[in-house]
Structures are given as C-alpha cells and as structure tokens.
Amino acid sequence: MKRKIAAFLLTGACVFGLTACGGSKNASYKDGTYTARSEMYENEDGSEDGNGYGEVTVTIKDGVITGCTFVTYELDGTQKGEDYGKEGGSIANKDYYNKAQKAVAACDEYADMLVANGSLDGIDAISGATINYNEFCEAVENVLKEAEE
C-alpha cells in the first residue's frame, strides 16, 4: 500500500510541477551539462517488473535545452537495455520482453521530446512506459532546478 501511495504522490508531483510552474518554459537556465536521478521505484506486489530508477542528463546552451539522455536502471544499478525483459538470458515470455523493450525505447522518445519542447510541457506518458514517464519527469525537474539561474 505504501508503494502505491508513493507512486500516486510521484505522479501528482509530476503533474503539479507541470501545471504550477508552466513546465519551466519561462525559466532561465545556466549553460552546462546536468545529471539527476529519480527516486527508487518498487512494485507493491513485490514483483520486479519495472522496479528501479531513471537518470537524466541534460545539456543547456545559451539557456536552452540542446541535449538530453534518459536511462533506466534496475534496483541493483544494472542498466535496462536490450536484455531487459529476458529471463535467464533468453526470451521465455515474448509478450513480457516486448513490453519491457517498449519501455526501454520510450526513454529515447522522452529525451527527444524534452529537447524538441524545451520543457516538460506537452510531454505525455507513452502507453506501456508510465513508470519511466514518472521517473523522467522527476529527474528532469531535479535537473532544471539545479540549472536555474
């Protein structure tokens, strides 16, 4: 129950951050490269699907977001990549693997949307990658707070 509440609060914080500060589109940022991560996410049911955290690196030049990478990790720090969703090194459950890989691919989409939009405004969750979306929003908000002048 505590994890559900934490996930709900994280989602609410992301939505509040978008509406309360207008997605930070009018903020002024210091040039540089900034990195931040989200809080750890753990499923309430104890399953390992989706557990972990996200880390975002944002580059700002002339006060504008010019680059972004977003990577997600397992709780133990292992990067979620092309093997994410495999069981024992093989694809035992093709549907699960495909969903996991969709979530991994969404990381690049979220990063590209941030660069295109210049803020979190207009970036919506991608179906099948909602946990990543919440982690992305949280990490970006942390980075932009650090970069504000």
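Refer to the structure presented above.
Not measured: the values here are computed from a predicted model.

## Examining the environment of alanine 100
- Among the secondary structure elements, alanine 100 is positioned in helix H2 (residues 94-117).
- Exposure remark for alanine 100: the relative accessible area of 5% places this residue in the buried category.
- Linking alanine 100 and glutamate 82, residues 18 residues apart in sequence, is a C-alpha distance of 9.2 Å.
- Excluding residues that lie within four positions of it along the chain, alanine 100 makes contacts with Tyr84 and Gly85.

## Things to note about the packing of H2 against helix H3 (residues 130-147)
- Between H2 and H3, the least distance of the axes is 10 Å, while the angle of their chain directions is 35 degrees. Of the two possible hands of crossing, H2 and H3 adopt the one that is right-handed. Within the contact between the two elements, H2 uses Ala103, Val104, Cys107, Tyr110, Ala111 and Leu114 and H3 uses Asn132, Tyr133, Phe136 and Val140.
- Residue classes in the contact of H2 with H3 are distributed as 9 nonpolar, 1 polar and no charged.

About the cut-offs
Residues numbered from 1 in each chain as written. Predicted model: local features only at pLDDT ≥ 70, side-chain atom pairs only at ≥ 80, totals over all residues. Heavy atoms only, no water. Helix = DSSP H or I, 4+ residues; strand = E, 2+ residues; numbered from the N terminus. Buried < 20%, exposed > 50% of the residue type's maximum accessible area, 1.4 Å probe, protein only. Contact = heavy atoms within 4.5 Å. Axes fitted to C-alpha atoms, helices over the stretch in contact; angles between N-to-C directions. Left-handed = near helix turned anticlockwise from the far one by under 90°. Nonpolar A, V, L, I, M, F, W, Y, C, P; charged D, E, K, R; others polar.

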